[in-house]
Amino acid sequence: MKKRLICLLICMFGLTGTAFAEYSEAAGRLEKVLQQLPTAENVELLTGEAIFVMLDGDILKALEEKGKPEVAATLKAAADAALKLAAYDDVEKARTNTMAFCKELERAIAVLEGNAPGLSFVDVSAGAWYYDAVEYTVGQGIFAGMDATHFAPDTAITRGMFLALMGRMYPALGTSEEQFYTDVAADMYYAPAINAAKAAGILDFVAGERFSPDQPITREELVTVLRGCMGKSGIDITYGTDASFADGGVVSAWAKDAVSWAAEQKVVSGFEDGTFRPQATATRAQVAQIFYNLSDCNAIAM
């Protein structure tokens with residue numbers, strides 16, 4: 001039964017549905033899926049419902065028509081990954097991939113609706129220093145909320161999450177089918193971007209065969225990856241002056257150029273005590289602010 005359901009969905013995947021008059025219906029159906037998904041035993045049925053939401057709303061076509069092909073491509077890849085696992089017995093991995101797909105679908109619907117995050121996220125107040133950054137990144141389809149009412153600004157960004165964002169923002173990076181890391185499964189949503197970045201020489205600071213995608217990304221790792229992806233996209237990444245942070249001596253050798261570039265370009269800033277804190281992690285709010293800063297200098301390629 002499972003495999004028949006998935007085969008049916010795959011056959012229908014290339015078809016277009018009847019678009020919702022308004023996307024609120026799609027959002028409502030998707031919210032029900034997200035409520036059931038964490039504890040559901042029949043993950044494949046919820047995967048199917050989420051796929052039907054996408055098809056019924058003609059979401060992929062609508063994104064293309066709105067000029068958001070990169071959002072459509074990311075959504076399609078997430079749907080493919082969810083479908084591949086939904087027919088098999090690895091329930092928890094299927095749940096993870098379906099959740100990732102649902103989050104991408106939620107983000108796509110928000111892009112189509114043009115929702116302003118400050119009106120719906122209870123944890124993003126109008127006076128927050130990151131309000132404009134969250135509004136911009138959600139409006140551009142870079143970020144989505146953790147659910148309909150929470151952005152989770154203080155949640156740390158993992159390596160896998162950040163590389164997936166880079167693949168979305170800098171499509172010139174491409175994708176790679178070659179597997180470089182033993183802990184990056186080919187069917188995970190972040191795998192194409194991680195493998196492409198490794199193939200491009202951007203992840204040379206990661207030693208060994210494990211990437212640790214669920215590990216929070218550090219500030220020096222973040223600016224190194226960001227600068228590398230921008231450079232591969234044809235964006236000027238030169239700088240003139242070495243950074244002079246109070247803790248510059250603890251910045252890893254492989255990150256010094258990226259830290260100096262990021263400081264000079266005002267992509268990131270130091271802390272009030274004059275430090276950069278290279279091994280500190282980055283939150284969703286901080287990363288949203290970085291992307292917002294980049295938008296001011298036309299350094300986003302999506």
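Rules used throughout
- Residues numbered from 1 in each chain as written.
- Predicted model: local features only at pLDDT ≥ 70, side-chain atom pairs only at ≥ 80, totals over all residues.
- Heavy atoms only, no water.
- Helix = DSSP H or I, 4+ residues; strand = E, 2+ residues; numbered from the N terminus.
- Buried < 20%, exposed > 50% of the residue type's maximum accessible area, 1.4 Å probe, protein only.
- Contact = heavy atoms within 4.5 Å.
- Polar contact = N/O pair within 3.5 Å; in protein donor to acceptor, adjacent residues only side chain to side chain.
- Axes fitted to C-alpha atoms, helices over the stretch in contact; angles between N-to-C directions.
- Parallel < 35°, antiparallel > 145°, perpendicular 65-115°, else oblique.
- Left-handed = near helix turned anticlockwise from the far one by under 90°.
- Core = buried A, V, L, I, M, F, W, Y, C linked by side-chain atoms within 4.5 Å.
- pLDDT = per-residue confidence, 0-100.
- Salt bridge = Lys/Arg side-chain N within 4 Å of Asp/Glu carboxyl O.
- Phe/Tyr/Trp six-rings, centres within 6.5 Å; stacked < 30°, edge-to-face > 60°.
- Arc of directions from axis to C-beta.

### As for the overall build of the chain
Helix and strand counts for the chain come out as twelve helices and zero strands. Taken from N to C terminus, the helices and strands of the chain fall in the order α-α-α-α-α-α-α-α-α-α-α-α. Expressed as a percentage of the 302 residues in the chain, the buried residues total 49%. Within the chain, counting contacts between residues at least 6 apart in sequence, those at least 24 apart form 74% of the total.

### Here's the deal with the side chain of Asn97
With respect to the helices, strands and loops of the structure, Asn97 is situated in helix H6 (residues 91-113). Looking at Asn97, the relative accessible area reads 2%, which means it is buried. Here Ala81 takes part through its backbone oxygen, which lies 3.4 Å from a polar atom of the side chain of Asn97.

### A few points about the packing of helix H2 (residues 24-36) against helix H3 (residues 43-56)
Across the interface, H2 lies against H3 with an axial gap of 10 Å and an inter-helix angle of 165 degrees. The angle between H2 and H3 falls in the class roughly antiparallel. Remark: the crossing between H2 and H3 carries left-handed chirality. Every residue of H3 that contacts H2 at Ala26, Arg29, Leu30, Val33 and Gln36 is listed here: Leu46, Glu49, Ala50, Phe52, Val53 and Asp56.

### Here we look at the nonpolar core
If you look at the biggest cluster of nonpolar residues, it comprises 57 residues, and the most contacted ones within it are Phe162, Leu203, Leu226 and Phe291. Among the elements of the structure, helix H7 (131-139), helix H8 (159-169), helix H9 (191-199), helix H10 (219-232), helix H11 (256-264) and helix H12 (284-296) are those that each provide at least two residues to this core. Look past the residues within four positions of Leu203 in its chain and what remains in contact with it is Tyr181, Ile194, Ala197, Lys198, Phe211 and Val225. Within the second largest apolar cluster, 32 residues are counted, among which are Ala50, Ala62, Ala82 and Ile109.

### Section: the confidence of the model for the chain
Per-chain confidence: the chain averages 82 in pLDDT, with 86% of residues scoring 70 or above. Mean pLDDT values for the elements of the chain range from 44 in helix H1 (residues 2-12) up to 94 in H10. Here residues 1-21 scores under 50 on pLDDT; set against residues more than four positions off or in separate chains, the count is 43 contacts.

### With respect to the side chain of Arg95
Tracing the backbone through its elements, the reader meets Arg95 in helix H6. On the basis of relative accessible area, Arg95 is assigned to the buried category, the value being 11%. Within the local environment of Arg95, its side chain forms a polar contact with the backbone oxygen of Leu37, the two atoms lying 2.7 Å apart.

### Considerations on the pattern of salt bridges
For the structure shown, the criterion picks out eleven salt bridges. Notably, a salt bridge pairs Glu92 with Arg95, separated by 2.9 Å at the nearest N-O pair. Of the two residues, Glu92 and Arg95 both sit in helix H6, three residues apart, roughly one turn of that helix. For Asp187, the salt bridge is made with Lys93, and the minimal N-O distance between the two is 3.5 Å. In this pair, Asp187 sits in the loop between H8 and H9 while Lys93 sits in helix H6, placing the two residues 94 residues apart along the sequence. By relative accessible area, Asp187 is classed as buried at 16%. Several salt bridges converge on common partners, so that one network encompasses Arg29, Glu49 and Asp56.

### Examining H9
Buried within H9 are the following residues: Ala191, Ala193, Ile194, Asn195, Ala196 and Ala197. Buried residues belonging to H9 abut H8. Where H9 terminates, the next one or two residues include Gly201, which has phi positive at roughly 80 degrees.

### Focus: the packing of aromatic side chains
In total, this model carries ten aromatic pairs according to the counting rule given. Taken together, a centroid distance of 6.2 Å and an interplanar angle of 35 degrees make the contact between Phe143 and Phe291 tilted. Note that Phe143 is positioned in the loop between H7 and H8 and Phe291 in helix H12, a separation of 148 residues in sequence. Judged by relative accessible area, Phe143 falls into the buried class, the value being 4%. When the ring of Phe162 is compared with that of Phe291, the centres are 6.3 Å apart and the planes differ by 15 degrees; the resulting orientation is stacked.

### Let's talk about H7
Along H7, the residues classified as buried are Tyr131, Ala133, Val134, Thr137 and Val138. Summarising the axial view, the buried residues of H7 lie within an arc of 160 degrees, below the 170-degree limit, and thus occupy one face. Directly beyond the C-terminal end of H7, a positive phi value near 80 degrees is found at Gly141.

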